Amino acid sequence: MKKIAKPSFLVSEVILDCIDNLQNTVLKQEIIDSVDQFTTAESDFNNKKLTNTLYQIHQNVNISDTINATVLKGIYTDRLVNKNNKGRKYYNSIFISAPNGKCPFCNVKQVRTLDHYLPKSKYPILSITPNNLVPSCSDCNKDKLVDSPTNSEEETLHPYFDDIEDYDWLKAKIITLNPITFEYYVLPPDDWPTLLRERLRNHFASYLLNELYSIHAIEEFENIKQQITILFESAGSNHLKAHLKDCYSSRYVVNKNSWQTAFYDCLYQNIDFCNGEFI
């Protein structure tokens, strides 16, 4: 998971621009009069995220009979996402905040949408809360196994609030050599709080990252197989290991926990692999 900067704007700004051209003047005024309720929900989200107690937020909360779940979700779909509305600038700002356009949840696929960290289907009042909106690839947006946590451990990592990039926690291992298969897993540092370790494990499982990374690892192996076969046959296992370690080191500098870093780490540390048993 990659840490990214929080949006620099508040829900009070977003809501007013989203309804700027709303034709229903009665509804528009009622929403304007209810801005404080959006702000309260935003503050509740932020405070509970800091303590990993989002599961305590009540679901299916509306503003009023008029400003109900349908209206709240519609503000997102019809007014924040809609390219012809003033609110679209906030959508765009969040969308482009992911470094290199990569999804911060998986750090592999291209950002295609915004993910509601807490789903708007269950938390409609948070539909346009900036810190509840995260740039995401389509798969991470749709395939997350747990979208509404029932306890602190089920809260997946949040790119705005969690920063674990300075730690080495993503690992891979070779399961079989011929044909080659891999397994990715997380190994959090022992001195991490128990809750953070559990949340990392849950994040990894919830976004199906072993499956995603393993596919990329097999493809990477096929791409380098001819090169490292020639290197092994011409220079031997020590030179192959040194080459693989160099590949690992250069990737480690860029991202300690990329699937590529873990891939080359497991290759150079595997004795059988370096002895050419992948051929």
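Below is a short write-up of the structure. (Residues numbered from 1 in each chain as written. Predicted model: local features only at pLDDT ≥ 70, side-chain atom pairs only at ≥ 80, totals over all residues. Heavy atoms only, no water.)

1. Side note on the nonpolar core
Grouped together as the largest cluster of nonpolar side chains are 80 residues, with contacts concentrated most on Tyr184, Phe263, Leu267 and Phe273. Ignoring any residue separated from it by four or fewer positions in sequence, one finds Tyr184 in contact with Leu170, Lys171, Ala172, Phe204, Asn210, Tyr213, Ser214, Ala217, Trp259, Ala262 and Phe263. (Core = buried A, V, L, I, M, F, W, Y, C linked by side-chain atoms within 4.5 Å. Buried < 20%, exposed > 50% of the residue type's maximum accessible area, 1.4 Å probe, protein only. Contact = heavy atoms within 4.5 Å.)

2. Side note on the pattern of salt bridges
Overall, the coordinates contain 9 salt bridges when judged by the stated rule. A salt bridge links Lys48 to Asp44; the nearest nitrogen and oxygen atoms lie 2.5 Å apart. With Lys48 and Asp44 both in helix α3 (residues 35-50) and 4 residues apart, this pair spans about one turn of that helix. Note on Asp44: relative accessible area 26%, which makes it partly exposed. A salt bridge links Asp168 to Lys171, with the nearest nitrogen and oxygen atoms 3.3 Å apart. Classification of Lys171 by relative accessible area gives buried; the value is 18%. (Salt bridge = Lys/Arg side-chain N within 4 Å of Asp/Glu carboxyl O. Helix = DSSP H or I, 4+ residues; strand = E, 2+ residues; numbered from the N terminus.)

3. So, the packing of helix α9 (residues 237-254) against helix α10 (residues 259-268)
It is at 8 Å that the axes of α9 and α10 come closest, and there the two elements cross at 155°. Taken together, the axes of α9 and α10 are roughly antiparallel relative to one another. The element α9 and its partner α10 pack so that their crossing is left-handed. Within the contact between the two elements, α9 uses Lys241, Leu244, Lys245, Cys247, Tyr248, Arg251 and Tyr252 and α10 uses Gln260, Thr261, Tyr264, Asp265, Leu267 and Tyr268. Residues that form the contact of α9 with α10 fall into these classes: 7 nonpolar, 2 polar and 4 charged. (Axes fitted to C-alpha atoms, helices over the stretch in contact; angles between N-to-C directions. Parallel < 35°, antiparallel > 145°, perpendicular 65-115°, else oblique. Left-handed = near helix turned anticlockwise from the far one by under 90°. Nonpolar A, V, L, I, M, F, W, Y, C, P; charged D, E, K, R; others polar.)

4. As for the side chain of Asn255
Mapped onto the secondary structure, Asn255 falls in the loop between α9 and α10. Asn255 has contacts with Lys2, Asn107 and Thr261, leaving out every residue within four places of it along the chain.

5. Some remarks on the packing of aromatic side chains
For the coordinates displayed, the defined rule picks out 15 aromatic pairs. When the ring of Tyr167 is compared with that of Trp192, the centres are 5.4 Å apart and the planes differ by 85°; the resulting orientation is edge-to-face. Highlighted residues: Tyr167 in the loop between α6 (138-143) and β3 (170-177) and Trp192 in the loop between β4 (180-186) and α7 (194-206), separated in sequence by 25 residues. With a relative accessible area of 6%, Trp192 lands in the buried category. (Phe/Tyr/Trp six-rings, centres within 6.5 Å; stacked < 30°, edge-to-face > 60°.)

6. Some details on the environment of Gly101
Structurally, the position occupied by Gly101 is in the loop between α5 (88-95) and β1 (113-116). Spatially, the C-alpha atoms of Gly101 and Arg112 are 8.9 Å apart, while their sequence positions differ by 11 residues. Look past the residues within four positions of Gly101 in its chain and what remains in contact with it is Lys109, Gln110 and Val111.

7. Here we look at the environment of Tyr76
By the element assignment, Tyr76 lies in helix α4 (residues 69-80). Spatially, the C-alpha atoms of Tyr76 and Arg88 are 9.6 Å apart, while their sequence positions differ by 12 residues. Apart from the residues lying within four places of it in its own chain, the contact partners of Tyr76 are Val81, Tyr91, Leu114, His116, Lys120, Ser127, Ile128 and Leu133.

Bear in mind that shape data such as this cannot, by itself, settle questions of function.
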